[in-house]
Amino acid sequence: MFPDVKFEWATGNKTGPNVSIYNAKFHEGRYVVGIISGLMTKTNKLAYIGSFPIPEVRMGINAYAAGARSVNPNATVQVVYVDSWFDPAKEADAARALIDQGVDVITQHTDGPAALQVAEERGIVGGFGQGADMSAFAPKSHLTSIIDVWGPYYTKAVKSIIDGNWAEGSSWEGIAGGEVVIGPYNPKIPADVVAKAEEAKAAIAAGTLHPFAGPIKDTTGAERVAAGDFIDDGEFWGVDYYFEGVIA
């Protein structure tokens, strides 16, 4: 249908003669905020409020856990799914229940600030915004955000239309491409923690750090990725297990 119209499908999974897909490597940002979490937690109990148990979200959970445990092997990540991209009541209830269980750092893969607002009310270490800077909603507890910046890709796609060289394809950029940005850091984050986060961010951008580099074990203790290997771009979507340290 509409063969003369070019379509760009965000987070899509299939291309066509007039359909391209694009996504962003959000998991790279989650690895970075995982490092912050692992260094700042006082209870070693972290949490991840997810929308749906789909590959994109599972990828974020695993990256967050990998980042946290790279600096704090004792850290665990409790996962709660709310079965929605935006349900403030469910997100808030999940945050309260997690905090009651001793969690003191919360991240999320939902689109509202409800969990951050609960973190602010309860006075825990903090949490992270999703998709945008959410510091206005929880200035004390908002540690930083993973910000989605689609502008570079949209500019490239529109220019290709104007120049007459648009082609079917798939794009998956991350920190290096400027589509995944770590927002401003809360001043309460210690300078050495910020330095560690910035070091990891720079290494990911340079390609010298891969968030899913082995050795990687799953929750049963079985090795899934050997030392010296990593989960590559073509394998991500088939990962149907959680990394060691995840409670889901």
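Here the structure is a predicted model, which means the values were calculated and not measured.

Draft legend 1. Up close: the overall build of the chain. Helices and strands together make up the secondary structure of the chain, namely 6 helices and 12 strands. Since a compact globule built from 248 residues should have a radius of gyration of about 18 Å, the 18 Å found for the chain is in line with a globular shape. Considering only C-alpha atoms, the chain reaches an extent of 55 × 40 × 35 Å along its principal axes. Classification of the 248 residues of the chain by burial places 49% in the buried group.

Draft legend 2. View of the nonpolar core. Tyr64, Phe212 and Ile231 are the most contacted members of the largest nonpolar core, which totals 50 residues. The dominant element in this core, judged by the number of residues it contributes, is helix 2 (residues 55-71), at 8 residues. Core analysis: the next-biggest nonpolar cluster, separate from the first, contains 15 residues, Ile49, Val82, Ala92 and Ile124 among them.

Draft legend 3. Looking closely at the side chain of Asn62. As for its position among the elements, Asn62 is in helix 2. For Asn62, a relative accessible area of 1% corresponds to the buried category. Here Phe243 takes part through its backbone nitrogen, which lies 2.9 Å from a polar atom of the side chain of Asn62.

Draft legend 4. Highlighting the sheet that holds strand 2 (residues 19-24). Strand order in this open sheet of 3 strands is 1-2-8, and the pairing throughout is parallel. Every other strand in the sheet has two partners, leaving strand 1 (7-10) and strand 8 (170-173) as the edge strands with one partner each. Ignoring strand direction, the axes of neighbouring strands in this sheet form an average angle of 20°. Sheet topology note: the strand 1/strand 2 ladder contains 4 bridges and is parallel. Residue Glu8 lies in a different strand from strand 2, and its bridge partner there is Ser20.

Draft legend 5. Spatial organisation of the pattern of salt bridges. With the rule as written, the count across this model stands at 7 salt bridges. Residue Lys159 pairs with Asp163 through a salt bridge whose shortest N-O separation is 2.6 Å. Of this pair, Lys159 and Asp163 both sit in helix 5 (residues 151-163), separated by 4 residues, roughly a single helical turn.

Draft legend 6. Local environment of a nonpolar patch on the surface. A cluster of nonpolar side chains, contributed by Met1, Phe2, Val5 and Phe7, occupies part of the molecular surface with about 460 Å² of accessible area. Following the sequence through the fold, Met1 ends up in the segment before strand 1.

Draft legend 7. Structural view of the packing of aromatic side chains. According to the stated counting rule, one finds 9 aromatic pairs in the structure shown. Geometrically, the ring pair formed by Tyr22 and Tyr153 is stacked, given 4.7 Å between the ring centres and 20° between the ring planes. With Tyr22 in strand 2 and Tyr153 in helix 5, this residue pair connects regions lying 131 residues apart in the sequence. Tyr153 shares its class with Tyr22; the two are buried. Arranged with centres 5.6 Å apart and planes meeting at 85°, the rings of Tyr22 and Tyr154 form a pair that is edge-to-face. Of the two residues, Tyr22 sits in strand 2 while Tyr154 sits in helix 5, which places them 132 residues apart along the sequence. Exposure remark for Tyr22: the relative accessible area of 7% places this residue in the buried category.

What counts and what doesn't
Here the residue index of a chain counts from 1 through its sequence in written order. With the structure being a predicted model, the display of local features is reserved for residues of pLDDT at least 70 and the display and counting of side-chain atom pairs for 80 or more, all residues being used for whole-chain, interface and lining totals. Note: side-chain values were computed over all heavy atoms of the structure, leaving out hydrogens and water. Secondary structure elements follow DSSP: runs of H or I of four or more residues count as helices, runs of E of two or more count as strands, with numbering from the N terminus. With C-alpha atoms as the basis for the radius of gyration, the globule rule is written as 2.2 Å multiplied by the number of residues raised to the power 0.38. We call a residue buried when its accessible area falls under 20% of the maximum for its residue type, exposed when it is over 50%, and partly exposed in between, using a 1.4 Å probe and counting protein chains only. Side-chain atoms within 4.5 Å link the members of a nonpolar core, which is a set of buried Ala, Val, Leu, Ile, Met, Phe, Trp, Tyr and Cys residues. The definition of a polar contact used here is a pair of N or O atoms within 3.5 Å, where within protein one atom must be able to donate a hydrogen and the other to accept one, and adjacent residues in sequence count solely through side-chain atom pairs. Two strands qualify as a pair provided DSSP detects at least 2 bridges between them. Lines fitted to the C-alpha atoms define the axes, with helices restricted to the stretch that makes contact. Angles between their N-to-C directions range from 0 to 180 degrees. By salt bridge we mean one thing: a side-chain nitrogen of Lys or Arg within 4 Å of a carboxyl oxygen of Asp or Glu. Grouping into patches uses exposed residues only, defined as over 30% relative accessible area, and leaves out salt-bridged ones; the cut-off is 9 Å for like charges and 5 Å for nonpolar side chains (Val, Leu, Ile, Met, Phe, Trp, Tyr). Per-residue accessibility takes into account occlusion by the displayed protein chains alone, with areas from the Shrake-Rupley method and a 1.4 Å probe. What counts as a ring pair is set by centres within 6.5 Å for rings of Phe, Tyr and Trp (its six-membered ring), and what kind of pair is set by the plane angle: stacked under 30 degrees, edge-to-face over 60, tilted for all other angles.

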